[in-house]
Amino acid sequence: MEDQEMQLKVRRVTDKFTESMYVLANEPSVALYRLQEHVRRSLPELVQHKTDMQSWEEQSQGAIYTVEYACSAVKSMTNSSMYFKNIDSLLRQAISLKEQISNSQGRSCHDVTPPPSTLVSALHAPPSSSCHLNRGVQG
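Residues numbered from 1 in each chain as written. Predicted model: local features only at pLDDT ≥ 70, side-chain atom pairs only at ≥ 80, totals over all residues. Heavy atoms only, no water.

Draft legend 1. How the structure looks around the overall build of the protein. Scanning the protein from terminus to terminus reveals four helices and zero strands. Put simply, the protein runs from its N terminus to its C terminus through helices and strands in the order α-α-α-α. Here the protein, with 139 residues, has 5% of them falling under the buried criterion. Accessible area for the protein stands at about 12700 Å²; split by element, carbon and sulfur atoms hold 62% of it. (Helix = DSSP H or I, 4+ residues; strand = E, 2+ residues; numbered from the N terminus. Buried < 20%, exposed > 50% of the residue type's maximum accessible area, 1.4 Å probe, protein only. Areas by Shrake-Rupley, 256 points an atom, 1.4 Å probe, with all protein chains shown as cover.)

Draft legend 2. Region of interest: the packing of aromatic side chains. For the structure shown, the criterion picks out one aromatic pair. When the ring of Tyr 65 is compared with that of Tyr 69, the centres are 6.4 Å apart and the planes differ by 20°; the resulting orientation is stacked. With a gap of four residues between them, Tyr 65 and Tyr 69 both fall in helix H1 (residues 2-79), about one helical turn apart. Taking relative accessible area as the criterion, Tyr 65 reaches 55% and is therefore assigned exposed. Residue Tyr 69 is classed as exposed on the basis of its relative accessible area, which comes to 56%. (Phe/Tyr/Trp six-rings, centres within 6.5 Å; stacked < 30°, edge-to-face > 60°.)

Take a look at the structure:
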């Protein structure tokens, strides 16, 4: 009887050992299968997120470049204010000189009346000044 009991105990131990070995042997493959299943399901979504992020990065880089270019343009515009002031000053001087010339020509043309022979010759000869030509045409 003791022999049978011993065989029963040995059988139980070997069965449990075999079952444990079977579970240990198959557990990693089940875990790897679950991992593979998870990766297969989530990978397309991850790839989509990656492409979206790359697209957003490109758009961001373009926007950053545009902003930096605009900033440099504004800085160069503020640096060019002295040139605009110089241009303004030169234009004011030019307008003032033109008015002075116009006023002096207007006075000299109206103050002096040429003799009639000068009027005839001014019409046929090349003009020496615009004032003489204008007087000839008007007279």
